[in-house]
Structure formats: structure tokens, C-alpha cells
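# Analysis of the macromolecular model
Here are the chains, one letter per residue:
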Amino acid sequence: QVQLVESGGDLVQAGGSLRLSCAASGNIFIINSMGWYRQAPGKQRELVASTINNVSTNYADSVKGRFTISRDNAKNTVSLQMNSLKPEDTAVYYCNALVVTHASPYIGHYWGQGTQVTVSS
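Treat the numbers as computed from the prediction; the structure is a model and nothing was measured.

### Considering the state of the cysteines
One pass over the full model with this rule turns up 1 disulfide. Bridging Cys22 to Cys95, the disulfide has an S-S length of 2.1 Å. Between Cys22 and Cys95 the disulfide shows an S-S torsion of about -85°. By sign, it is left-handed. Taken together, the residues span a long stretch of sequence, with Cys22 in strand S3 (residues 18-26) and Cys95 in strand S9 (residues 91-100) at a distance of 73 residues. Judged on exposure class, the residue Cys22 and its partner Cys95 are both buried.

This is the structure we're talking about:
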């Protein structure tokens, strides 16, 4: 019903910056919230940042002050500006959206396929 496509992952040096983008499409009525998760090898998937309206935001402690999440409600997109990147940020980053649809199941979480971010020392 809903598709999320991420882009922007790359190999960068420590201290560098990347901007990840995610576009949602499909049977969308309303997107309640959007967020970014990441999963490093051997680690659990963790929340990086989420937002309802760009004012209400939530960040993992490890990225506070370095990452910024923002939504464009009109375009059904969300981005993650990542500055001062560290090797510890290396992971596959996944976009997530809580979506209200026009048909069953009417509300649910949807995931993108992920984009690789690698930060070298």
C-alpha cells in the first residue's frame, strides 16, 4: 500500500556531513509521523530521530546536536541532516512512517529498504 524510498547514504570521512532523504508514496491519507532508524552489524535496530510536525522531535542521545530531522508534509518526505559524523554512526539507515491509508489496515508502520552510511576514521 505504501512505499518508502531512501537515498543519500554514502562513504564519508569522520567529521563530514550527509543528508538522507525519504519519499513516501502509495495509498496515503495522512502520515502521522516519520522517523529514521539505523542498524549496525551485530546490533539491534535503534531509533535515530522521529518527528510529528518538525516541532515535536525525538533524538537518540548519541546524535543530539549533530543530526536534524525535518518533514515536508506537502511532499510526504522526511530528511535527516547528519553533521559531525563519527565512525560509530556507521549503519544501515531506515526510513519509517506511521501512515493512515484509505483502505485496510487503515493505519500502520511502513519501512524503507535502507541506505548504507559508512563513516571512516
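Now that the structure is up, let's keep going.
### Things to note about the pattern of salt bridges
For the structure shown, the criterion picks out 4 salt bridges. One salt bridge connects Asp61 with Lys64, and the closest N-O pair in it is separated by 3.0 Å. Members of the salt-bridge network, linked through shared partners, are Arg38, Glu46, Arg66 and Asp89.

### Overview of the sheet that holds S3
Pairing within the open sheet is antiparallel, and its 4 strands lie in the order S1-S3-S8-S7. In this open sheet, the two edge strands, each paired with only one partner strand, are strand S1 (2-7) and strand S7 (67-72). Each strand axis lies, on average, 15° off the axis of its neighbour in the sheet, ignoring direction. Relative to S3, S1 runs antiparallel, the two being bridged by 6 bridges. Of the residues in S3, the one forming a bridge with Glu6 is Cys22.

### Points about the side chain of Glu6
Within the fold, Glu6 resides in strand S1. Polar side-chain contacts of Glu6 include one of 3.1 Å to the backbone nitrogen of Gln113. Of note is the side chain of Glu6, whose polar atom sits 2.9 Å from the backbone nitrogen of Gly114. Apart from residues no more than four positions distant in its own chain, Glu6 is found in contact with Ser21, Cys22, Trp36, Tyr93, Tyr94, Cys95, Gly112, Gln113, Gly114 and Thr115.

Cut-offs used in this document
- Every chain's residues receive numbers from 1 upward, in the order its sequence appears when written.
- For a predicted model such as this one, the threshold for reporting local features is a pLDDT of at least 70, and the threshold for listing and counting side-chain atom pairs is 80 or more; totals across whole chains, interfaces and linings nevertheless cover every residue.
- Calculated side-chain values reflect all of the structure's heavy atoms, with hydrogen atoms and water omitted.
- Note on terminology: disulfide denotes any pair of cysteine sulfur atoms within 2.5 Å.
- Put simply, DSSP marks the helices as runs of H or I at least four residues long and the strands as runs of E at least two long, and each gets a number from the N terminus on.
- Note on exposure labels: buried denotes an accessible area under 20% of the residue type's maximum, exposed denotes more than 50%, and partly exposed covers the range between, all computed with a 1.4 Å probe on protein chains only.
- A side-chain nitrogen of Lys or Arg and a carboxyl oxygen of Asp or Glu constitute a salt bridge if their distance falls within 4 Å.
- The rule for pairing is simple: two strands pair if DSSP sees at least two bridges between them.
- Whenever a helix is involved, its axis is fitted only over the stretch in contact; in every case the axis is a line through C-alpha atoms, and angles between N-to-C directions fall within 0 to 180 degrees.
- Polar contacts, as counted here, are pairs of nitrogen or oxygen atoms within 3.5 Å of one another; within protein the pair requires one atom able to donate a hydrogen and one able to accept it, and residues that are adjacent in sequence qualify only if both atoms are side-chain atoms.
- Any two residues whose heavy atoms approach within 4.5 Å are treated as being in contact.

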